[in-house]
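Each chain, written out:
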Amino acid sequence: MSKILIIAEHANGQLNPSTAKCLTAAKQMGASAIDIAVFAAEPAGVAAEAAKLDGVSRVLTVANAANANALAAVLAPQVVALAANYTHVLGPSTTFGKDLLPRVAALLGEAQVSDIMKVLGSHSFQRPIYAGNAIITVEAPKERKLVATVRNASFAATGNGATTAPIEAAAVSAELPAHTRFVELQAGAKDRPDLQTASRVVSGGRALGSAENFSVIYALADKLGAGVGASRAAVDAGYVPSDMQVGQTGKIIAPELYIAIGISGAIQHLTGIKDAGTIVAINKDAEAPIFEVADLGLVGDLFKLVPELQALL
Amino acid sequence: MKILVAYKRVVDYNVRIQVKPDGSGVVTDGVKLSPNPFDDIALEEALRLREKGVATEVIVATIAPADAQAHLRNGLAMGANRAIHVTTDRPLQPLTAARTLLKLVEKEQPGLVILGKQAIDDDCSQTGQMLAALWGKAQATSASKVEVNGNVLRVTREVDAGLEVLDVDLPAVVTTDLRLNEPRFIKLPDIMKAKSKPMETIALDTLGVESGDHLKTTQYAPPAKRSKGVMVKDAAELVAALKSKGLL
Ligand SMILES: Cc1cc2nc3c(=O)[nH]c(=O)nc-3n(C[C@H](O)[C@H](O)[C@H](O)COP(=O)(O)OP(=O)(O)OC[C@H]3O[C@@H](n4cnc5c(N)ncnc54)[C@H](O)[C@@H]3O)c2cc1C
């Protein structure tokens, strides 16, 4: 039977929902034990949250001032030290997990399965390649340790269970490098629902034309209580910060409702929204590829239609 | 300081990928191949560091079949000083690619290795981090800004929460995000000049790389198709449709 270790993602003393999504994937792998490891300067709060999640066997805490910020080079040797007792080491396919898990895998001498989107068995998975234009089935050898990242948008978060898992401080002896130092995090504004977990998302593209014009997108989003995303073109043009990019190289999201406004629907963008419930597109070009995937399409000038839409809500 | 740039050849990002009907792979015969867009950005950054006098030499390296010479000439035309072609006929998984790059690192002793944050074929996002781990050096992934201060690199990284700034000691591994720079266009005279630049060919089998290709791909399938929906004529109809779906 599999014994799975999940590396918790957290910030500001709070567990990131990506951890509960990893847990859902882990449960589908048929494990005899699923432990969650929390690396932090002060892990208690995050550990208490993780311990409540349904199906967790134990929460292991590794308290160290060096773990105050998640630096892959610092965390990786500690994860490796814990990994000895497990068949699987999992993390989320977020920028946190993408940075850390390959470093862990290489130190272990193992290959990594990136972006698991479907669990077929303990060592058999589906994952996307070519921006989601092909889905491959990957078999990992059962006799080796498996390192993998789990695609957030493909799994629902596990909720809290009836019982609370025990929390144990883990003794980790690993030499930590000094070559990497955290300077600062320039965090985006936090006044809207988080793009990666919001049930509704409104995104704007190049058509917005300027940062000022993007206000029509924010206004509609606020009316809907939605998170706000953007195409790469809108980010590259400086209308919005990079953490709002949706797509192959940005965030992969799965809201119930996605509204794409002035976005043409390039494959690199579409791969980020394939798992959305309902896609709405507003575009002045009736031939825009976005309409091929949209459940509801509206052709016209966004600067006229979006305020009209907002007024009707 | 030498900079080593990993420069992968992939199916061009404009190609509509088709899965073979028998599920044995994707169609690559006759499709346009191009440098991985992130690797072009990696090379551009290396060239800029050379132009600023921080680097003295830029080496592009690829691990690919023998016909990838033209691809490397492209990197030389962009401005790399020389190229290393590690030849192999099989596609490598990231761990093996990282182990191979480590051999080149040991041989060339670069002060910095720059790679793309992902290759747009397998979308793995692993090789840079794996190389940094095997080399025992710092990594700064998804870089959107790189500044050199003596022996320290200050890197701004695109992360989910915003922008993270790290200081890493050189030597180090950096992987590039899209906004790090805009790669230059290659001019005709550069293509001529590239023809005389040195290109070293090394057979992968002679490097003694332990294979890390542990994973087996057993099937390729096209993604689930989203069906074309309906068009509404105005905002009022859109609101009505959303309400009837229970979304408002
Ligand atoms: C390696 C690589 C990775 C990439 N990764 C991503 C990624 O992660 N995410 C991403 O989004 N892109 C990505 N791209 C870029 C992608 O290929 C497209 O260039 C980009 O998505 C286009 O953005 P857009 O739709 O906003 O702009 P455009 O394609 O220019 O589309 C603008 C649309 O707005 C419409 N329009 C214009 N004016 C109006 C108006 N007044 N009212 C209504 N509609 C209007 C137009 O008809 C058009 O359809 C990537 C590209 C590469 C090469």
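Residues numbered from 1 in each chain as written. Chains lettered and ligands numbered in written order. Predicted model: local features only at pLDDT ≥ 70, side-chain atom pairs only at ≥ 80, totals over all residues. Heavy atoms only, no water.

## What about the overall build of chain B?
As a reminder of what qualifies: The way it works is that DSSP assigns letters per residue, a run of H or I at least four long becomes a helix, a run of E at least two long becomes a strand, and they are numbered from the N terminus. Each residue's exposure class comes from its accessible area (1.4 Å probe, protein chains only) as a fraction of the maximum for that residue type: buried when under 20%, exposed when over 50%, partly exposed otherwise. Throughout, a residue-residue contact means that at least one pair of heavy atoms, one from each residue, lies within 4.5 Å. Each accessible area is a Shrake-Rupley result for a 1.4 Å probe, and residues are judged covered by the shown protein chains and nothing else. Note that His is not counted, nor are the chain ends; the positive residues are Lys and Arg, and the negative ones are Asp and Glu. Just so you know, the charge point we use is NZ for Lys, CZ for Arg, CG for Asp and CD for Glu.
When helices and strands are tallied, chain B shows six helices and 13 strands. Residues classed as buried in chain B amount to 55% of the 248 residues present. The long-range share in chain B, meaning contacts at least 24 apart out of those at least 6 apart in sequence, stands at 71%. For chain B, the exposed surface amounts to about 10,800 Å²; the carbon and sulfur share of it is 52%. Of the side-chain charges in chain B, 33 are positive and 31 negative, and the distance between the mean point of each set is 3 Å.

## Notes on the packing of helix H8 (residues 302-312) of chain A against helix H6 (residues 235-244) of chain B
The condition that has to hold: Geometry is summarised by axes, namely lines fitted to C-alpha atoms with helices restricted to the contacting stretch, and by angles between N-to-C directions that run from 0 to 180 degrees. Any angle that is under 35 degrees is reported as roughly parallel, and any over 145 degrees as roughly antiparallel; angles of 65 to 115 degrees are reported as roughly perpendicular and all others as oblique. A clockwise turn of the near helix away from the far one marks a right-handed crossing, whereas an anticlockwise turn of less than a right angle marks a left-handed crossing. Each residue is assigned to one class: nonpolar for Ala, Val, Leu, Ile, Met, Phe, Trp, Tyr, Cys and Pro, charged for Asp, Glu, Lys and Arg, and polar for all the others, Gly among them.
Close contact between H8(A) and H6(B) brings their axes to 9 Å; oriented N to C, the two are set at 50°. Classed by the angle they form, the pair H8(A) and H6(B) counts as oblique. Seen from above, H8(A) lies across H6(B) with right-handed handedness. Along the contact surface, H8(A) presents Leu305(A), Glu308(A), Leu309(A) and Leu312(A), while H6(B) presents Ala235(B), Ala236(B), Leu238(B) and Val239(B). Residues belonging to the contact of H8(A) with H6(B) are distributed by class as follows: seven nonpolar, no polar and one charged.

## Some words on the environment of Ser231(A)
Residues and elements named next belong to chain A. Its location among the elements puts Ser-231 in the loop between strand E15 (227-230) and helix H6 (232-236). Look at Ser-231 and you get buried, because its relative accessible area is 9%. Separated by 11 residues in the primary sequence, Ser-231 and Leu-220 place their C-alpha atoms 17 Å from one another. When near neighbours in sequence (up to four residues on either side) are disregarded, Ser-231 contacts Gly-204, Gly-205, Arg-206, Ile-263 and His-269.

## Side note on the pairing of strand E1 (residues 2-6) of chain B
The two faces of a sheet get side chains in turn, since along a regular strand they alternate between them. Residue and element names in this part refer to chain B. As a reminder of what qualifies: One bridge is not enough; two strands pair if DSSP finds at least two bridges between them.
Within E1, four of the five residues are buried, leaving the element largely enclosed by the surrounding structure. Pairing analysis gives five bridges linking E1 to strand E4 (residues 57-64), with the strands arranged parallel. Counted as the bridge partner of Val-5 is Val-60 from E4. Here E1 runs beside strand E6 (residues 112-116); their pairing, made up of three bridges, is parallel. In the strand pairing of E6, Val-5 is matched with Ile-114.

## Notes on the interface of chain A and chain B
Rules: For any pair of parts, buried area is found by adding up, for both, the accessible area (1.4 Å probe) each one loses once the two are put together. The working definition used for a salt bridge is a side-chain nitrogen of Lys or Arg within 4 Å of a carboxyl oxygen of Asp or Glu. Polar contacts, as used here, are pairs of N or O atoms within 3.5 Å; protein pairs need one atom able to donate a hydrogen and one able to accept it. Residues neighboring in sequence count only if both atoms are side-chain atoms.
Facing 85 residues of chain A, the contacting portion of chain B comprises 77 residues. Between chain A and chain B, the buried area comes to about 6,800 Å², and carbon and sulfur atoms account for 55% of it. Contact with chain B buries surface across chain A, with Arg103(A), Tyr130(A) and Leu296(A) losing the most and accounting together for 10% of the total. Seen at the junction of chain A and chain B, the total is four salt bridges. Of the charged contacts, one joins Arg181(A) and Asp169(B) as a salt bridge, the two residues approaching to 2.7 Å between their closest N and O atoms. Linking chain A to chain B there are 39 residue pairs in polar contact (both at pLDDT 80 or more). For the side of chain A that touches chain B, the class distribution of residues is 42 nonpolar, 21 polar and 22 charged. Pairing of strand E10 (residues 134-139) of chain A with strand E12 (residues 216-221) of chain B, which is carried by five bridges, proceeds in the antiparallel orientation.

## Here's the deal with the packing of aromatic side chains
Selection rule: Working definition: rings of Phe, Tyr and Trp (its six-membered ring) pair if their centres are within 6.5 Å, and the pair is stacked with planes under 30 degrees apart, edge-to-face with planes over 60 apart, and tilted otherwise. Throughout this description, the term charge over a ring refers to an Arg CZ or Lys NZ atom that lies within 6 Å of the ring centre and within 35 degrees of the ring normal.
Here the structure, examined in full by the defined rule, presents one aromatic pair over all chains. Here the guanidinium or amino end of Lys3(A) rests over the ring plane of Tyr86(A), the centre of that ring lying 5.2 Å away.

## Considering the sheet that holds strand E4 (residues 31-40) of chain A
All names here are of chain A. The strand order E7-E11-E6-E1-E4-E5-E12 describes an open sheet built from seven strands, whose pairing is parallel. Where the open sheet ends on each side, the last strands, each with one partner, are strand E7 (112-116) and strand E12 (167-169). For this sheet, the mean angle separating the axes of adjacent strands, direction not counted, is 25°. Of the pairings in the sheet, the one linking strand E1 (residues 2-7) to E4 comprises six bridges and is parallel in character. Paired with Ile-4 across the two strands is Ile-34, which belongs to E4.

## Looking at helix H1 (residues 37-51) of chain B
Residue and element names in this part refer to chain B. Here is the rule we go by: Every helix has an expected span of 1.5 Å times one less than the residues it contains.
Its 15 residues give H1 an end-to-end C-alpha distance of 21 Å, which sits within 8% of 21 Å, the value for a rise of 1.5 Å per residue. Of all 15 residues that make up H1, 11 are buried, and the element is covered over most of its length. Looking only at H1, the buried set comprises Phe-38, Asp-39, Asp-40, Ile-41, Ala-42, Leu-43, Glu-44, Glu-45, Ala-46, Leu-47 and Leu-49. Gly-53 sits one or two residues past H1 and shows a positive phi near 85°.

## Considerations on the site of the ligand
Our working definition: When we say a residue is near a molecule or strand, we mean one of its heavy atoms is within 4 Å of it.
In the vicinity of the ligand there are 30 residues, among which Arg206(A), Ser231(A), Thr249(A), Ser264(A) and Asn283(A) approach most closely. At the site occupied by the ligand, nearby residues are drawn from chains A and B. For the ligand, an oxygen atom lies 2.5 Å from a polar atom in the side chain of Ser231(A). Within the contact set of the ligand, an oxygen atom lies 2.8 Å away from a side-chain nitrogen or oxygen of Gln268(A). Out of a free accessible area of 990 Å², the ligand has 85% covered by protein chains.

## With respect to empty space enclosed by the protein
Here is the rule: Only protein atoms enter the calculation, which uses a 1 Å grid: trapped sets of points that fit a 1.4 Å probe without letting it out are cavities, open sets showing protein on both sides within 12 Å along at least five of seven lines are pockets, and any residue with an atom within 4 Å of a point is a lining residue. Grid points are joined across faces, edges and corners, and a volume is the space filled by probe spheres set on the points.
In the structure shown here, the tally under the stated rule is six cavities of 30 Å³ or more. What the largest cavity holds in volume is close to 540 Å³. Lys98(A), Gln248(A), Thr249(A), Gly250(A) and Lys117(B) are, among the 37 residues lining the largest cavity, the residues nearest its centre. Only helix H4 (95-108) and strand E9 (124-129) of chain A together with strand E7 (138-149) and strand E8 (152-159) of chain B provide two or more residues apiece to the lining of the largest cavity. Classifying every residue of the lining of the largest cavity gives six nonpolar, 18 polar and 13 charged. In this structure, the second largest cavity spans a volume of roughly 90 Å³. If you go around the second largest cavity, the residues you meet are Tyr130(A), Ala131(A), Asn133(A), Gln248(A), Ile267(A), Gln268(A), Val11(B), Asp12(B), Tyr13(B), Val15(B), Ile17(B) and Ile120(B). Of the residues belonging to the lining of the second largest cavity, the class tally is eight nonpolar, three polar and one charged.

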